[in-house]
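Understanding the architecture of this molecule
Letter by letter, the chains look like this.
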Amino acid sequence: MMSMNSKQPHFAMHPTLPEHKYPSLHSSSEAIRRACLPTPPGLVAAHHGAAGQVGAAAGLASICDSDTDPRELEAFAERFKQRRIKLGVTQADVGSALANLKIPGVGSLSQSTICRFESLTLSHNNMIGLKPILQAWLEEAEGAQREKMNKPELFNGGEKKRKRTSIAAPEKRSLEAYFAVQPRPSSEKIAAIAEKLDLKKNVVRVWFCNQRQKQKRMKFSKYFCTPKYNREMRPSTLTNKANMRTE
DNA sequence: ATGCATGAGAG
DNA sequence: TCTCATGCATA
């Protein structure tokens, strides 16, 4: 049942980026952390007032560390976004610019990932791993603030476009109902559900996997279940170039 | 901003 | 098979 895989955080391993080999990045992630920056100016160790409550609820002691403290991550993410926008750089720009940092084992990231980092919709560990990298980029970008970032990157052939499956609302509601009573259905159960909803078994399986991942995102984790955080869970809009232009 | 998907690694 | 980090495609 609870096969809580306590695995190490690993990074990029995308099939669509042959440029990098991604050699066990997490091994060098600590090196990056050290090699990068000391600690943010005044945002370090915000308030530990709520930390006690959360820590108790979580039954953890490690989150007291300023580098893994959810509040510190939250503060950094917010500051990161603000400064990125100040620089007039999009999430996609940041993602591709990361490759220019030449950090061993660190290639580019997608707009999706940068977006999720800023909105805290990543796992706690994922946030911790990405923070030093994005922090390094931010420093570089602000250091070379007077120069214009260039990202040519234009090579397109005739690749097969992936088609995204769309699960209809009724089916989705059913899935959610099943998930509520059993987040981890057996293979057989999945097959049964798939047949009932007339969906491919794999689609149902992946849906459950993704649903479980959602529960583990920072915003929905135990660290952020207090009314206060729920209130501040609102999504922002000033992110894309389009929105920035709209001003 | 987010839904569905992939693939490495672990079990 | 699952988890986990991540991304393409799309709303």
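What you are looking at is a predicted structure, and each value in this text was computed from that prediction instead of being measured.

Among the nonpolar cores identified, the biggest contains 26 residues, and F80, V94, L98, F117, M127, L134 and W137 are the most heavily contacted of them. Counting residues per element, the ones that place at least two in this core are α3 (70-86), α4 (91-97), α5 (111-118) and α6 (124-143). Of all the elements, α6 adds the most residues to this core, at nine residues. Not counting residues within four places of it along the chain, the set of residues in contact with L98 comprises V106, G107, L109, I114, I133, L134 and W137. In this structure, A194, V204, W207 and F208 belong to the second largest nonpolar core, which totals ten residues.

Taken from the UniProt record, the annotation "domain: POU-specific" (unreviewed entry) applies to residues 65-142. Between the end C-alpha atoms of residues 65-142 there is a gap of 27 Å, over a span that is 65% helix and 0% strand.

The domains assigned to chain A are domain 1 (70-150) and domain 2 (169-224). One C-alpha centre belongs to domain 1, the other to domain 2; they are set 31 Å apart. Each partner contributes residues to the interface: domain 1 has eleven residues there, and domain 2 has six residues. Interface area for domain 1 against domain 2, summed over the two sides, is near 760 Å², with a carbon-plus-sulfur share of 71%. On the domain 1 side of the contact with domain 2, P70, L120 and T121 bury the most area, a combined 49% of that side's loss. The interface formed by domain 1 and domain 2 includes zero salt bridges. At the surface where domain 1 touches domain 2, the tally comes to two residue pairs in polar contact (both at pLDDT 80 or more). Those elements that provide at least two residues to the side of domain 1 that touches domain 2 are α3 and α6. For the side of domain 1 that touches domain 2, the element with the most residues is α3, which contributes three residues.

On to the pattern of salt bridges. A full pass over the atoms with the stated rule returns four salt bridges. A salt bridge links R71 to D69; its shortest N-O distance comes to 2.6 Å. Residue classification places R71 among the buried positions, given a relative accessible area of 5%. By relative accessible area, which is 2% here, D69 ends up buried. Here E142 and R83 are joined by a salt bridge, their closest N and O atoms 2.7 Å apart. Of this pair, E142 sits in helix α6 while R83 sits in helix α3, placing them 59 residues apart in sequence.

Another point: helix α8 (residues 187-197). Where α8 is concerned, the buried positions are I190, I193, A194 and L197. An end-on view of α8 places all buried positions within 100° of arc, on one side of the element. Within α8, the exposed residues directed more than 90 degrees away from the buried face are E188, E195 and K196. Contacts from the buried residues of α8 go to α7 (169-181) and α9 (201-215). Once α8 finishes, D198 follows within two positions and takes phi at roughly 60°, a positive value.

Criteria and thresholds
Residues numbered from 1 in each chain as written. Chains lettered and ligands numbered in written order. Predicted model: local features only at pLDDT ≥ 70, side-chain atom pairs only at ≥ 80, totals over all residues. Heavy atoms only, no water. Core = buried A, V, L, I, M, F, W, Y, C linked by side-chain atoms within 4.5 Å. Buried < 20%, exposed > 50% of the residue type's maximum accessible area, 1.4 Å probe, protein only. Helix = DSSP H or I, 4+ residues; strand = E, 2+ residues; numbered from the N terminus. Contact = heavy atoms within 4.5 Å. UniProt positions renumbered as here; feature names shortened; annotations may be inferred. Domains from an automatic or database assignment. Buried area = accessible area lost by both parts, 1.4 Å probe. Salt bridge = Lys/Arg side-chain N within 4 Å of Asp/Glu carboxyl O. Polar contact = N/O pair within 3.5 Å; in protein donor to acceptor, adjacent residues only side chain to side chain. Arc of directions from axis to C-beta.

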